[in-house]
Amino acid sequence: MPKFVLLWTDVVIWLLFFMMLGYGWLVSRSPTWRVSWGKVFRDAPALACAVLVLLCLLLTLVDSVHYRRALPAGAGSAPGAVAYEPRTRSALDAMLSHLIDSREPTYSKPLAYVGFRKESVEVNGKVERVAPRLQFGGAHLKNPEQEWVGDVTARAIKGLIGGAIVAAIVSFLMIAVLARNAKTTFREMWLRVIHDETPIPWRVALITIFSVAVVFGPIVALMDWYHVLGTDRTGNDVLFQALKSIRTAFVIGTLSTIATLPLAVILGIMAGYFRGWVDEVIQYIYTVLSSIPNILLIAAFVLMVQVFLDKHPELFETGAERSDLKLFLLCAILGLTGWAGLCRLLRAETMKLRELEYVQAASAFGVGSMRIMAKHIFPNVAHLMLITTVLEFSALILYEAVLSYVGVGVDPSMNSFGGMINLARSEMSTDPVVWWSFAAAFTFMVTLVLAANLFADGVRDAFDPRSRVFRPKRISTRKAPATVNLRG
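**Q** What's the story with the pattern of salt bridges in this structure? I'm lost.
**A** Under the defined criterion, the tally for this structure stands at 18 salt bridges. Lys3 is paired through a salt bridge with Glu317; the nearest N and O atoms lie 3.6 Å apart. Residue Lys3 is located in strand S1 (residues 3–5), and its partner Glu317 is located in the loop between helix H11 (294–311) and helix H12 (319–337); the two are separated by 314 residues in the primary sequence. Looking at Lys3, the relative accessible area reads 32%, which means it is partly exposed. Overall, the relative accessible area of 55% leaves Glu317 in the exposed class. For Arg275, the salt bridge identified is with Glu355, shortest N-O distance 3.1 Å. Here the residue Arg275 occupies a position in the loop between helix H9 (238–274) and helix H10 (276–291), and Glu355 occupies one in the loop between helix H13 (340–353) and helix H14 (357–364), the gap between them amounting to 80 residues. Salt bridges sharing partners connect three or more residues here, namely Lys3, Arg68 and Glu317.

Encoded structure:
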């Protein structure tokens, strides 16, 4: 029986997930919120990107279940005593265990069956420089020079077919649910989706699902037999590192953004409502904070955290717990140093709301300041918090890459896009160039950041009336089904 390990970031990620479910339940019961979020998903790019972000979120949740496997009992062990391995694994590690175990000696190209570096081998009494066969990648090939192309092609085609089948099943279930909610037939709902005649462009969601299935179907079919994205300097699979880096990016984006909210909301509303010396003090604080270069301030805090962790190794049973606490504290540092922009925005909005009639009437009737800020001011600035939170998510992912690149980011033992780019820095200057680690990190990071940005644009357009873009509505050209008059 494994021993489940609850890391700091695991607690926060699952807590946020259940809070999102609760928020979704509240949205379903509120007509106003349903209309606003309906406007978000009516935007085709936002809906497509929401599907991608949701898939990354599911991957993050799977990677946030950690455990330690039990070791076999030794000859002299006490009865009932169970020892556990020092390595902390996740559910994603269990699903991708083959990628972890298939470690090569050093570099290898994507889908290669030989190593990238040549070695000196004696052949027929002569020393020749040849690329050695990989231990795992393409090891099933008996005659790789002749079998490699056909084997890769056949497995990729099988992956395409499998991905298309999975996408078709998901599409069938989605249209069945839509038809049931709309109280119509499956065929009629299918025609509406295909001709893009639904209020929400579900056709875009179907296209996104099929695109993801077509891309990842061959990858899944090939990754048990080849290193699809190659291996790095130490022989670790690059695809595994890129998938593990998604959780780090999500943790940085969500936790750091949420860490900015308490200070930004409380101080911003107080500065805008009370004005006077309270406003001057708060303005002075965030002006001083904004004048200090963020990278220097964050580096100073991270080095202090690093010294604390190095002096107290007894606090952690495994290296994963230590690196996870460093990641959690890094998110807190990013939040505590990045609240000035949102605070300034909320201060300006509160100063405007403070002069409205209903706030002045509540103050005239003797309602306390705290109650006015909680009941009348806060609900009317909540949309700004939501918009800023979504917009800052992608910015913080890029920020983590920069911090890890300069050496003050996440722990080196933890996979991250910044760490992959940092390790690939020297590889890009070699001859021949080792390009696949950098390309994998760049592709995954840009895809996630671009999806988050486009989704953030949809949220901004829906919740901020000043930035809405009115688009023409598609008019159906399909003929309505003929009706039969049964009377006389």
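**Q** For this particular structure, what's the right way to read the sheet that holds S1?
**A** By definition, the strands of a sheet pair up through backbone hydrogen bonds, in either a parallel or an antiparallel sense. As summarised here, the arrangement of the 3 strands in space is S1-S2-S3, forming an open sheet in which the pairing is antiparallel. One side of each edge strand has no neighbouring strand; the edge strands of this open sheet are S1 and strand S3 (89–90). For S1 and strand S2 (residues 66–68), the ladder comprises 3 bridges, and the chain directions are antiparallel. Its bridge partner being in S2, Phe4 is matched across the sheet by Tyr67.

**Q** Looking at this structure, how should I read the packing of H9 against H13?
**A** For any two helices packed against each other, the geometry is given by the interaxial angle and the distance between the axes. Axis separation between H9 and H13 bottoms out at 7 Å; the angle between their running directions is 35 degrees. In this structure, the crossing between H9 and H13 has a hand that is right-handed. Counted together, Leu261, Ala264, Val265, Leu267, Gly268, Ile269, Ala271, Gly272 and Tyr273 of H9 and Leu342, Cys343, Leu346, Arg347, Thr350 and Met351 of H13 form the full contact between these two elements. Partitioned by chemical class, the residues of the contact of H9 with H13 number 11 nonpolar, 3 polar and 1 charged.

Rules used throughout
Residues numbered from 1 in each chain as written. Predicted model: local features only at pLDDT ≥ 70, side-chain atom pairs only at ≥ 80, totals over all residues. Heavy atoms only, no water. Salt bridge = Lys/Arg side-chain N within 4 Å of Asp/Glu carboxyl O. Helix = DSSP H or I, 4+ residues; strand = E, 2+ residues; numbered from the N terminus. Buried < 20%, exposed > 50% of the residue type's maximum accessible area, 1.4 Å probe, protein only. Pairing = 2+ DSSP bridges. Axes fitted to C-alpha atoms, helices over the stretch in contact; angles between N-to-C directions. Left-handed = near helix turned anticlockwise from the far one by under 90°. Contact = heavy atoms within 4.5 Å. Nonpolar A, V, L, I, M, F, W, Y, C, P; charged D, E, K, R; others polar.

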